[in-house]
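Chain and residue survey
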Amino acid sequence: MTLLTIKNEPALQAAFARNRGVYAAVFHHGALHVAAMLMALRGYKVVGVRDANESGLRRFMQRKLDLKYPELDRARMVFSNSFPREIYRSLKDGWMVSSAMDVSRVRAAHQRTEDVTIFGETRSFISGPLRIALRCAATIFQAVIYLDSGFRYRVEFIGPLVDPDTDHDEDSTVTTLMRTYAQLTTSFRCSCVQAGRPL
(Lines give C-alpha, C1' and ligand atoms only; values in the text may rest on other atoms or scores of the structure.)
Protein backbone atom coordinates (compact mmCIF):
# COMPACT_ATOMS: atom_id res chain seq x y z
CA MET A 1 0.00 0.00 0.00
CA THR A 2 2.15 2.85 -1.35
CA LEU A 3 -0.40 5.50 -0.39
CA LEU A 4 0.37 5.03 3.30
CA THR A 5 3.58 5.41 5.29
CA ILE A 6 3.59 4.43 8.96
CA LYS A 7 6.24 6.01 11.13
CA ASN A 8 7.31 3.95 14.17
CA GLU A 9 5.67 0.88 12.62
CA PRO A 10 7.95 -1.63 14.45
CA ALA A 11 6.58 -0.37 17.77
CA LEU A 12 3.03 -0.63 16.42
CA GLN A 13 3.62 -4.18 15.21
CA ALA A 14 5.12 -5.13 18.57
CA ALA A 15 2.01 -3.73 20.26
CA PHE A 16 -0.27 -5.81 18.05
CA ALA A 17 1.86 -8.89 18.74
CA ARG A 18 0.98 -8.64 22.45
CA ASN A 19 -2.66 -9.31 21.45
CA ARG A 20 -3.89 -7.06 24.26
CA GLY A 21 -5.17 -4.31 21.98
CA VAL A 22 -3.83 -0.95 20.89
CA TYR A 23 -5.27 2.49 21.62
CA ALA A 24 -4.39 5.41 19.33
CA ALA A 25 -5.41 8.87 20.52
CA VAL A 26 -5.84 11.28 17.62
CA PHE A 27 -6.99 14.86 17.31
CA HIS A 28 -9.06 16.63 14.71
CA HIS A 29 -6.40 17.10 12.07
CA GLY A 30 -5.92 15.19 8.86
CA ALA A 31 -8.09 12.65 7.08
CA LEU A 32 -8.88 10.35 9.98
CA HIS A 33 -11.30 8.19 7.99
CA VAL A 34 -8.92 7.82 5.03
CA ALA A 35 -6.02 6.86 7.29
CA ALA A 36 -8.17 4.21 9.01
CA MET A 37 -9.23 2.80 5.62
CA LEU A 38 -5.63 2.63 4.38
CA MET A 39 -4.49 0.92 7.58
CA ALA A 40 -7.26 -1.67 7.20
CA LEU A 41 -6.18 -2.29 3.61
CA ARG A 42 -2.63 -2.74 4.93
CA GLY A 43 -3.94 -5.52 7.16
CA TYR A 44 -4.39 -3.78 10.52
CA LYS A 45 -7.60 -4.34 12.50
CA VAL A 46 -8.95 -0.87 13.25
CA VAL A 47 -11.94 0.40 15.24
CA GLY A 48 -12.89 4.06 14.96
CA VAL A 49 -14.95 5.79 17.65
CA ARG A 50 -17.18 8.29 15.88
CA ASP A 51 -19.81 10.83 16.78
CA ALA A 52 -23.30 9.43 16.39
CA ASN A 53 -24.26 12.49 14.34
CA GLU A 54 -22.14 11.48 11.36
CA SER A 55 -23.34 13.22 8.22
CA GLY A 56 -25.40 11.32 5.67
CA LEU A 57 -22.71 11.91 3.04
CA ARG A 58 -20.00 10.34 5.21
CA ARG A 59 -22.18 7.33 5.93
CA PHE A 60 -22.91 6.98 2.20
CA MET A 61 -19.20 7.08 1.34
CA GLN A 62 -18.48 4.48 4.04
CA ARG A 63 -21.03 2.12 2.49
CA LYS A 64 -19.44 2.63 -0.95
CA LEU A 65 -16.00 1.85 0.44
CA ASP A 66 -17.31 -1.28 2.15
CA LEU A 67 -18.71 -2.52 -1.17
CA LYS A 68 -15.57 -1.71 -3.15
CA TYR A 69 -13.12 -3.12 -0.60
CA PRO A 70 -14.54 -6.23 1.13
CA GLU A 71 -11.28 -6.50 3.05
CA LEU A 72 -12.42 -3.43 4.99
CA ASP A 73 -14.15 -5.86 7.31
CA ARG A 74 -10.93 -5.23 9.24
CA ALA A 75 -12.33 -1.75 9.97
CA ARG A 76 -15.19 -1.23 12.39
CA MET A 77 -17.07 1.75 13.73
CA VAL A 78 -18.59 2.38 17.15
CA PHE A 79 -20.39 5.51 18.26
CA SER A 80 -19.17 7.70 21.08
CA ASN A 81 -22.52 7.83 22.89
CA SER A 82 -22.92 4.03 22.98
CA PHE A 83 -21.96 2.00 26.02
CA PRO A 84 -18.31 0.92 26.11
CA ARG A 85 -18.85 -2.83 25.70
CA GLU A 86 -17.69 -2.77 22.06
CA ILE A 87 -14.49 -0.91 22.94
CA TYR A 88 -13.66 -3.43 25.67
CA ARG A 89 -14.39 -6.32 23.30
CA SER A 90 -12.31 -4.87 20.48
CA LEU A 91 -9.27 -4.36 22.70
CA LYS A 92 -9.64 -7.81 24.24
CA ASP A 93 -9.72 -9.24 20.69
CA GLY A 94 -6.46 -7.48 19.81
CA TRP A 95 -7.82 -4.66 17.62
CA MET A 96 -6.65 -1.05 17.54
CA VAL A 97 -9.20 1.44 18.85
CA SER A 98 -8.75 5.06 17.79
CA SER A 99 -10.64 8.12 18.96
CA ALA A 100 -10.21 11.87 18.94
CA MET A 101 -9.89 13.06 22.54
CA ASP A 102 -10.12 16.79 21.72
CA VAL A 103 -13.90 16.65 22.07
CA SER A 104 -15.71 18.62 24.74
CA ARG A 105 -19.25 17.62 23.72
CA VAL A 106 -20.67 15.09 26.18
CA ARG A 107 -23.34 13.11 24.35
CA ALA A 108 -24.30 10.75 27.19
CA ALA A 109 -24.29 10.86 30.98
CA HIS A 110 -21.94 7.87 31.29
CA GLN A 111 -19.10 9.56 29.38
CA ARG A 112 -16.02 10.42 31.47
CA THR A 113 -14.09 13.65 30.96
CA GLU A 114 -10.80 15.17 32.10
CA ASP A 115 -9.97 18.87 32.39
CA VAL A 116 -7.08 19.76 30.09
CA THR A 117 -5.26 23.04 29.49
CA ILE A 118 -4.66 23.50 25.77
CA PHE A 119 -3.92 26.67 23.78
CA GLY A 120 -4.23 28.65 27.00
CA GLU A 121 -7.75 27.43 27.77
CA THR A 122 -9.11 24.78 30.11
CA ARG A 123 -11.43 22.32 28.40
CA SER A 124 -13.08 19.05 29.38
CA PHE A 125 -12.01 16.30 26.98
CA ILE A 126 -13.56 12.84 26.78
CA SER A 127 -11.33 10.29 28.50
CA GLY A 128 -13.47 7.13 28.45
CA PRO A 129 -11.64 5.18 25.70
CA LEU A 130 -8.29 6.01 27.29
CA ARG A 131 -9.47 4.66 30.65
CA ILE A 132 -10.71 1.47 28.98
CA ALA A 133 -7.33 1.05 27.26
CA LEU A 134 -5.57 1.27 30.62
CA ARG A 135 -7.94 -1.27 32.17
CA CYS A 136 -7.32 -3.66 29.27
CA ALA A 137 -3.53 -3.21 29.47
CA ALA A 138 -3.56 -2.09 25.83
CA THR A 139 -0.58 -0.31 24.30
CA ILE A 140 -1.28 3.43 24.08
CA PHE A 141 -0.02 5.74 21.34
CA GLN A 142 -0.79 9.21 20.11
CA ALA A 143 -1.19 9.19 16.34
CA VAL A 144 -0.69 12.15 14.00
CA ILE A 145 -1.87 12.07 10.38
CA TYR A 146 -0.11 14.01 7.63
CA LEU A 147 -1.09 14.55 4.02
CA ASP A 148 1.94 14.32 1.73
CA SER A 149 2.19 15.15 -1.97
CA GLY A 150 0.33 13.01 -4.47
CA PHE A 151 -2.51 12.29 -2.04
CA ARG A 152 -0.25 10.08 0.03
CA TYR A 153 -0.69 9.83 3.75
CA ARG A 154 1.70 9.41 6.65
CA VAL A 155 0.68 8.28 10.13
CA GLU A 156 3.13 8.80 12.97
CA PHE A 157 2.60 6.69 16.09
CA ILE A 158 4.15 8.40 19.11
CA GLY A 159 4.84 6.07 21.98
CA PRO A 160 4.08 3.76 23.64
CA LEU A 161 3.17 6.49 26.10
CA VAL A 162 3.12 4.17 29.13
CA ASP A 163 4.39 0.67 29.82
CA PRO A 164 1.32 -1.55 29.26
CA ASP A 165 2.77 -4.36 31.37
CA THR A 166 3.04 -2.22 34.51
CA ASP A 167 0.17 -1.52 36.88
CA HIS A 168 -0.91 2.13 36.97
CA ASP A 169 -3.14 4.25 39.14
CA GLU A 170 -5.88 5.02 36.64
CA ASP A 171 -6.78 8.59 37.62
CA SER A 172 -3.24 9.90 37.92
CA THR A 173 -2.16 8.12 34.72
CA VAL A 174 -5.11 9.57 32.80
CA THR A 175 -4.22 13.05 34.07
CA THR A 176 -0.60 12.61 32.95
CA LEU A 177 -1.54 11.16 29.56
CA MET A 178 -4.10 13.87 28.87
CA ARG A 179 -1.51 16.51 29.70
CA THR A 180 0.95 14.81 27.32
CA TYR A 181 -1.77 14.65 24.66
CA ALA A 182 -2.43 18.38 25.00
CA GLN A 183 1.28 19.22 24.84
CA LEU A 184 1.85 17.09 21.72
CA THR A 185 -1.24 18.52 20.04
CA THR A 186 -0.18 22.08 20.80
CA SER A 187 3.36 21.41 19.58
CA PHE A 188 2.06 19.93 16.34
CA ARG A 189 -0.28 22.82 15.62
CA CYS A 190 2.45 25.36 16.34
CA SER A 191 4.90 23.54 14.04
CA CYS A 192 2.27 23.58 11.26
CA VAL A 193 1.85 27.34 11.61
CA GLN A 194 5.61 27.92 11.58
CA ALA A 195 6.06 25.70 8.51
CA GLY A 196 3.10 27.21 6.69
CA ARG A 197 1.30 23.85 6.45
CA PRO A 198 -2.52 23.89 6.46
CA LEU A 199 -4.27 22.99 9.70
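See the structure shown above.
Residues numbered from 1 in each chain as written. Predicted model: local features only at pLDDT ≥ 70, side-chain atom pairs only at ≥ 80, totals over all residues. Heavy atoms only, no water.

A look at the environment of Ala-15
- Locating Ala-15 in the fold gives a position in helix H1 (residues 9-18).
- Assessed through its relative accessible area of 3%, Ala-15 is described here as buried.
- Along the sequence, Ala-15 and Ile-140 sit 125 residues apart, while their C-alpha atoms lie 8.7 Å from each other.
- Contact partners of Ala-15, with chain neighbours within four places excluded, come to Val-22, Thr-139 and Phe-141. (Helix = DSSP H or I, 4+ residues; strand = E, 2+ residues; numbered from the N terminus. Buried < 20%, exposed > 50% of the residue type's maximum accessible area, 1.4 Å probe, protein only. Contact = heavy atoms within 4.5 Å.)

Section: the sheet that holds strand E1 (residues 4-7)
- Pairing is mixed across the open sheet formed by seven strands, whose spatial order is E1-E9-E8-E2-E5-E3-E4. Two strands in the sheet have a free side with no partner beyond their single neighbour: E1 and strand E4 (75-79). Adjacent strand axes in the sheet meet at a mean angle of 25 degrees when their direction is disregarded.
- Here strand E2 (residues 22-26) pairs with strand E5 (residues 96-100) via five bridges, running parallel. Following the sheet pairing, Tyr-23 is matched in E5 by Val-97.
- The sheet strands contacting H1 are E1, E2, E5, strand E8 (139-148) and strand E9 (152-158), and the helix crosses E8 at an angle near 140 degrees.
- Here helix H2 (residues 32-42) sits on the sheet and contacts E1, E2, strand E3 (46-50), E4, E5, E8 and E9; the angle it forms with E1, its principal contact strand, is near 90 degrees. (Pairing = 2+ DSSP bridges. Axes fitted to C-alpha atoms, helices over the stretch in contact; angles between N-to-C directions.)

Describing empty space enclosed by the protein
- Tallying each qualifying case throughout the model produces one cavity of 30 Å³ or more.
- The space that makes up the largest cavity amounts to roughly 40 Å³.
- In terms of lining, the largest cavity is formed by Tyr-23, Ala-25, Met-101, Leu-130, Ile-140, Gln-142, Leu-161, Leu-177 and Tyr-181.
- Broken down by secondary-structure element, the contributors of at least two residues to the lining of the largest cavity are E2, E8 and helix H6 (170-195).
- The residue inventory of the lining of the largest cavity, partitioned by class, reads eight nonpolar, one polar and no charged. (1 Å grid on protein atoms, 1.4 Å probe; cavity = no way out; pocket = protein on both sides within 12 Å on 5 of 7 lines; lining within 4 Å. Points joined across faces, edges and corners; volume = space filled by probe spheres on them. Nonpolar A, V, L, I, M, F, W, Y, C, P; charged D, E, K, R; others polar.)

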